[in-house]
Amino acid sequence: VQLVESGGGLVQPGGSLRLSCAASGFTFSSYAMSWYRQAPGKERELVAAITSAGGSTNYADSVKGRFTISRDNAKNTVYLQMNSLKPEDTATYYCARARNWYWRAPPEAWGQGTLVTVSA
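About the thresholds
Residues numbered from 1 in each chain as written. Predicted model: local features only at pLDDT ≥ 70, side-chain atom pairs only at ≥ 80, totals over all residues. Heavy atoms only, no water. Helix = DSSP H or I, 4+ residues; strand = E, 2+ residues; numbered from the N terminus. Pairing = 2+ DSSP bridges. Axes fitted to C-alpha atoms, helices over the stretch in contact; angles between N-to-C directions. Core = buried A, V, L, I, M, F, W, Y, C linked by side-chain atoms within 4.5 Å. Buried < 20%, exposed > 50% of the residue type's maximum accessible area, 1.4 Å probe, protein only. Contact = heavy atoms within 4.5 Å.

**As for unusual backbone geometry**
Residue Asn76 is not a glycine yet carries a positive backbone phi of 55°. Along the chain, Asn76 falls in the loop between β7 (67-72) and β8 (77-82).

As structure tokens, then:
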């Protein structure tokens, strides 16, 4: 299993970024995928999750209405569109593969992370 995130960087408050996670080494369309984040000094938290076919999603309350998770099973890629970014969104963002098709399943594989910094 390999998960490779990209798309992080420095953005001003109110700006947007789109993170991508390219997956390989497994049947991507059979597994739910998630995005987590970890800010300095804080625990890793779930940001968004999506079922294997993309029919159901879940978001942390702190990002609802601003972030959108999606996936392209033909490209083995999951995305996180982040709009109206706030300084408190600053964190390392990790892509994760769940144990099965359902978004509530615990993660069992992780990417290396991509840093998002929201600052003026």
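So that's the structure; there's more coming.
**Quick look at the sheet that holds β8**
Strand order in the open sheet made by the four strands is β1-β3-β8-β7, with antiparallel pairing throughout. Where the open sheet ends on each side, the last strands, each with one partner, are β1 (2-6) and β7. Going from strand to strand, the sheet's axes swing by 15° on average, the running direction of each strand aside. As judged from the six bridges shared by β7 and β8, these two strands associate in the antiparallel manner.

**With respect to the nonpolar core**
One finds Trp35, Val78, Leu80, Met82 and Tyr93 to be the most contacted residues of the largest nonpolar core, which totals 29 residues. Residue assignment for this core shows that the elements contributing at least two residues are β3 (17-24), β4 (33-38), β5 (45-50), β7, β8, β9 (91-98) and β11 (114-118). Ranked by the residues each element gives to this core, the list is headed by β3, at four residues. In contact with Tyr93, not counting residues within four places along its chain, are Glu5, Leu19, Trp35, Tyr36, Arg37, Val47, Phe67, Leu80, Met82, Gly113, Thr114 and Val116.

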